[in-house]
Amino acid sequence: MYRAEISSIGAAIAWRKAARGFLSNAIPPEEILWGEGAVVPDLFGQEATAPPIGEFKVPRSFVALADHVVWHSDPSRFARLYALLWRMRRERGLMSDRGDSELAHLRRMEKAVLRCKHKMKAFVRFRELGDPEAARRSFAAWFEPTHHTVEPTATFFVRRFADMDWRILTSDVCAIFESGDLRFEPGRPKPNLPDDANEQLWVTYFRNIFNPARLNVQAMQSEMPKKYWKNMPEAAVIPDLVASAPARARAMAEAAPTLPPLRAARVQAQLPAANPWWQGTVGDLPNAINACTRCPLHENATQAVPGEGPPSADLMIVGEQPGDQEDLIGRPFVGPAGQLFDQLAAEVGLSRTTAYVTNAVKHFKFTAKGRRRLHQRPNGAEIAHCQVWLRAELEQVQPKLILALGVTATEALLGSGEDILRRRGSIEYRADGQPVLITLHPSYILRLPDPTLRARAIENLRADLRLVDGWLAKSVSDQQKATV
Amino acid sequence: MTKQTLDQKLAILSDAAKYDASCASSGSIKRDSRDGKGLGSNEGTGICHAYAPDGRCISLLKILMTNFCIYDCTYCVNRVSSNVPRARFSVDEVVKLTIEFYRRNYIEGLFLSSGIIRSPDATMSDMVLIARKLRQEENFRGYIHLKTIPDATPELIAEAGLLADRLSINVEMPSDAAVREHAPEKDPSQIRKAMGDVRLRKEAANDKSHTGKRPPRFAPAGQSTQMIVGADGSNDAQVLGQSTRLYSSYKLKRVYYSAFSPIPDSSAKLPLISPPLQREHRLYQADWLLRFYDFQLDEITSVTPDGNLDLDIDPKLAWALAHREMFPFDVNRASREMLLRVPGFGVKTVTRILTTRRHRMLRYEDLIQMGASMKKARAFVVAGGWTPGTLTDSANLRARFAPPPEQLALF
């Protein structure tokens, strides 16, 4: 029979050293008695006689498991860990077998230690010992952990409270941090720590952050078990808070006035419905568009995106609707489709800055899919509701030519967006005689999966853009002829 | 009027903040003060330092800077027409409380909200001042969550994002109409613009410059929002639809659902019922399915009779009961996506099933060992030594999960 005494301070390293010694001497678990003690024994310094079995590698997950389980309060923890280690020599995949009952037991122990560590981080309550004005302030706490978690948790407090001295005292092990150095000492009986005025403020906070109408004692206790209460100053007021909660909630309800019907809101919501054509000044138009609630799209979009450009531009470019980026930034054609358009326009010598750029529909329409927004084509009603704004923009700018990008723009400007691939590259006229050049929408091109189709579509759009300059030049010369 | 003590102010201004559902302190960048020059750390995961008897976690010092407010939102205890006692912290008082509480290990940091006094900009600049003092004068490295005022100028929100870990802007209600009715001074589109602005600034802060230098982090723990549930007539489908759009539009970290709770001195416009806590719980469950289980919104809402989630059973079970023709799944063969749809299986359980079945065949007992809730799952899975037989299609399957009908009081 072998005996191994694992010290309470430094247990993780001591157990690993002992286990490595036993294992390399091929000593089976049933021949070892594991004990807890204050002395660090030199286990195999001289005694080891059996020839070592050589290097034995364990998965990293076992090391992580053992590093937690050694802090458990169960005296059988060292033996259980060693027994698993012993089995691992033959059973290769043991660590990833979530159905193995012995491993599951150790996992539960690990979980208990992790929970205990977490609760220690949460429930330690410091009191100030010295002068609050001192360069390095000094604090102490008395704590009663369930497992031996002071040592593995102390580094957390080092990371957090490095600019002050502190000590966490327990009957098991004490962690002491002074002038930047951490050390451990044996446990001691509970000391009398001085009163701390901030504790009263904390209890006041605890009393008042509680909502008596939502009393749920079970949820509180499952996360903050009673065993911790006696060292937490705020826990002293819990019985009173629980007892008075129903009466407080009732008092709130009884003090309440009666209710008006909720339907008034629905009536109010219908107010901005009518108002067919907008009449206002040039400067008011963006604000008016922004305040638009004519269709439900405004509820989901971030903001309306009015057109922009010189108010007397010869060319007006009409797209479909804002996309994800336009919706966030509040300006038209700044997303990927806008960038493609800019690039092609630049290639044919057309500058977007001289044109007035807008969309047929001013709010972004989309469906939310997980973390993304998928663009959706506006329907006829939405296009119709938004006509007010497109028409107002057309009246203000009075362009010589309108470039309609894609189906939605064509539908908004000419009444129908059907058969767009055949109509593109041609000019049609609105009821009031304004010419509209129909072409493809750059975002349609971006969505084409087939590279050859996409290349052809790009060439088509480029060709259509080339027509713009020619038409504008022609219409200027026509006008000059007319005036002559 | 006698001057209020700090204790009295704290009582009033924490009472006023208790209707805020958010208290998370997780998801930010890791920081610590090992260099000895500052105070505090951030470990990535939040720590709940205490639990109130309402079962809610206390992680941050959650207070209002002031509960004076010029707005008149009916659901809010601090609205201008309410008769609650009023108080106001000075900037230094908030800083001192945060630091002293933090040093005693009571909190993870500060959650600061405020009633709106004088103007949105004046209020917001005081909040920014508090955050700046904490970060720059006290070298505070703990968590700061600022509830921003949507009407404040973008420059103030920009500075807030550089100081705080998380920003939040409340959408308040599930629909624009409800906001207009209950919070007449708040503008839903202004709220959305402010959220969009935060998303853009956060994305801009992720782009490295041409020299490879990263701009300062902007709200590293992201942004969140809160929606009050049960104060207006919206159903759960509308609530979840709104939150799905918010997640996708502004990349929110969390949408908090706050069951409307009776408040002292309530307005005549709102129902004073006990808060719909179970509904709040079901909404969080559904929200979870949308974010982590790859459920689509219409899958969850299509199995609800009136657009409201079933209060008796959780949304995943409700979906499974309505789609029994797809079950049972074989735990030894089914894909990850399918296993995630089994009621009683969580993400962890599914991962454990997948790693273990690479080595061997799974039996019913193994699933219990892996933490699956077999009481729920047994009707929907096949495993070694187990087949549900006719259980999957049995007529009384729902009754096995729903609580038994309650005898109503006669009088």
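- Labelled according to an unreviewed UniProt entry, chain A appears under the name Type-4 uracil-DNA glycosylase, originating from Phaeobacter porticola.
- Database annotation for chain A, UniProt heading Sequence similarities (unreviewed entry): "Belongs to the uracil-DNA glycosylase (UDG) superfamily. Type 4 (UDGa) family."

Regarding a positive patch on the surface
Here is step 1: Taken together, the side chains of K369(A), R371(A), R372(A), K251(B) and K253(B) define a basic patch exposed on the protein surface.
Here is step 2: Here K253(B) is to be found in the loop between helix 7 (236-250) and strand 8 (254-259).

Observations concerning the domain arrangement of chain A
Interface size is often expressed as the accessible area that is lost when the parts come together.
Here is step 1: When cut into domains, chain A gives domain 1 (2-119), domain 2 (124-186), domain 3 (197-255) and domain 4 (280-483).
Here is step 2: The distance between the C-alpha centroids of domain 1 of chain A and domain 4 of chain A comes to 71 Å.

Quick look at the interface of chain B and chain A
Here is step 1: Of the residues lining the interface, 88 residues belong to chain B; the matching set on chain A comes to 86 residues.
Here is step 2: For the chain B and chain A pair, buried surface summed over both sides reaches about 7500 Å², with 55% attributable to carbon and sulfur atoms.
Here is step 3: Considering only the surface of chain B that becomes buried against chain A, Y51(B), P53(B) and R104(B) emerge as the three largest contributors, covering 11% of it.
Here is step 4: Counting across the interface, chain B meets chain A through 8 salt bridges.
Here is step 5: The partner of R199(B) in a salt bridge is D324(A), with the nearest N and O atoms 2.7 Å apart.
Here is step 6: Put simply, chain B and chain A have 37 residue pairs in polar contact (both at pLDDT 80 or more) between them.
Here is step 7: In terms of residue count, helix 6 (residues 188-206) of chain B provides more of the side of chain B that touches chain A than any other element does, 7 residues in total.

Describing the state of the cysteines
Here is step 1: This model, assessed by the stated rule, comprises 1 disulfide over all chains.
Here is step 2: C116(A) takes part in no disulfide bond, and the closest cysteine sulfur to it belongs to C174(A), at a distance of 15 Å.

Notes on the environment of E172(B)
All names here are of chain B.
Here is step 1: Among the secondary structure elements, E172 is positioned in the loop between strand 6 (166-168) and helix 5 (176-182).
Here is step 2: Sequence separation of E172 and S258 is 86 residues, and the distance between their C-alpha atoms is 9.3 Å.
Here is step 3: Residue contacts for E172: discarding those within four places in its chain leaves Y75, K186, Q226, M227 and I228.
Here is step 4: For E172, the side chain forms a polar contact with the side chain of Y75, separated by 3.2 Å.

Looking at the confidence of the model for chain B
Here is step 1: Averaged over chain B, the pLDDT score is 90; the fraction of residues at 70 or greater is 98%.
Here is step 2: With pTM at 0.83, the complex prediction returns an ipTM value of 0.91.

Focus on the packing of helix 7 of chain B against helix 8 (residues 277-292) of chain B
Residue and element names in this part refer to chain B.
Here is step 1: Contact geometry of helix 7 with helix 8 gives a least axis separation of 11 Å together with a crossing angle of 40°. In terms of their interaxial angle, helix 7 and helix 8 are classed as oblique. For the pair helix 7 and helix 8, the sense of crossing is right-handed. Of the residues in helix 8, those touching helix 7 at D236, V239, L240, S243, T244 and Y247 are R279, L283, A286, D287, L290 and R291.

Regarding helix 1 (residues 6-15) of chain B
Here is step 1: What helix 1 of chain B keeps buried is the set K9(B), L10(B), A11(B), I12(B), L13(B) and S14(B).
Here is step 2: Check the buried side of helix 1 of chain B and you find it contacts helix 6 (197-209) of chain A together with strand 3 (60-64) and helix 2 (91-103) of chain B.

Details of the pattern of salt bridges
Two side chains of opposite charge can pair, provided their charged atoms sit close to one another.
Here is step 1: Following the criterion strictly, the structure yields 64 salt bridges over all chains and no others.
Here is step 2: E5(A) is the salt-bridge partner of R3(A), the closest N and O atoms lying 2.5 Å from each other.
Here is step 3: According to the relative accessible area criterion, E5(A) is partly exposed, its value standing at 22%.
Here is step 4: A salt bridge links R141(B) to D35(B), with the shortest nitrogen-to-oxygen separation between them at 3.0 Å. Residue R141(B) is located in the loop between helix 3 (120-137) and strand 5 (143-147), and its partner D35(B) is located in the loop between helix 1 and strand 1 (50-51); the two are separated by 106 residues in the primary sequence.

Section: the sheet that holds strand 8 (residues 315-319) of chain A
By way of backbone hydrogen bonds, the strands of a sheet pair with one another, either parallel or antiparallel.
Residue and element names in this part refer to chain A.
Here is step 1: Spatial strand order, 9-8-12-14-13: 5 strands in an open sheet with mixed pairing. Of all the strands in the sheet, just strand 9 (356-359) and strand 13 (427-429) have a single pairing partner and so form its edges. Each strand axis lies, on average, 30° off the axis of its neighbour in the sheet, ignoring direction.
Here is step 2: Bridge count for strand 13 against strand 14 (residues 435-439) is 3 bridges, and the pairing is antiparallel. Each bridged residue has a counterpart across the sheet, and for E428 the counterpart in strand 14 is V436.
Here is step 3: The strands touched by helix 15 (residues 406-414) are strand 8, strand 12 (401-405), strand 13 and strand 14; relative to strand 12, the strand with the most contacts, the crossing angle is about 135°.

The rules we used
As a convention, each chain's residues are numbered from 1 in the sequence order in which they are written. Working convention: letters from A go to chains and numbers from 1 go to ligands, in the order in which they are written. Under the rules for a predicted model, residues below a pLDDT of 70 receive no local features and side-chain atom pairs below 80 are neither given nor counted, while totals for whole chains, interfaces and linings still include all residues. With hydrogens and water stripped out, all remaining heavy atoms of the structure feed into the side-chain values. UniProt positions are given in the numbering used here, feature names are shortened, and annotations may be inferred rather than shown by experiment. Nonpolar side chains (Val, Leu, Ile, Met, Phe, Trp, Tyr) within 5 Å and like charges within 9 Å form the patches, drawn only from residues with over 30% relative accessible area and no salt bridge. Under the convention used here, a 1.4 Å probe and the Shrake-Rupley method define accessible areas, while residue burial counts only the protein chains that appear. For this analysis, a salt bridge means a side-chain nitrogen from Lys or Arg found within 4 Å of a carboxyl oxygen belonging to Asp or Glu. In this tally, Asp and Glu contribute negative charge and Lys and Arg positive charge; neither His nor the terminal groups of the chain are included. Lysine's charge is taken at NZ, arginine's at CZ, aspartate's at CG and glutamate's at CD. Counting from the N terminus, the helices are DSSP H or I runs at least four residues long and the strands are E runs at least two residues long. How far each domain reaches was decided by an automatic or database domain assignment. Every residue pair with non-hydrogen atoms within 4.5 Å of one another is taken to be in contact. Buried area is a sum: the accessible area each of two parts loses on coming together, probed at 1.4 Å, counted once for each and added. Any pair of nitrogen or oxygen atoms within 3.5 Å is treated as a polar contact; in protein, a donor-acceptor pairing is required on top of that, and neighbouring residues in sequence qualify only through side-chain atoms on both sides. The disulfide criterion is simple: two cysteine sulfur atoms within 2.5 Å. The predictor's confidence in any single residue is recorded as pLDDT, a number from 0 to 100. Note on geometry: axes are lines fitted to C-alpha atoms, helical ones only across the stretch in contact, with angles between N-to-C directions running from 0 to 180 degrees. By definition in this entry, angles of less than 35 degrees are roughly parallel, angles greater than 145 are roughly antiparallel, angles of 65 to 115 are roughly perpendicular, and the rest are oblique. By the definition used in this description, the sense in which the near helix is turned from the far one sets the handedness, with an anticlockwise turn below a right angle giving left-handed and a clockwise turn giving right-handed. Whether a residue is buried, partly exposed or exposed follows from its accessible area with a 1.4 Å probe, protein chains only, as a fraction of its type maximum: under 20%, in between, or over 50%, in that order. Two strands pair under a simple rule: DSSP has to find at least two bridges between them.

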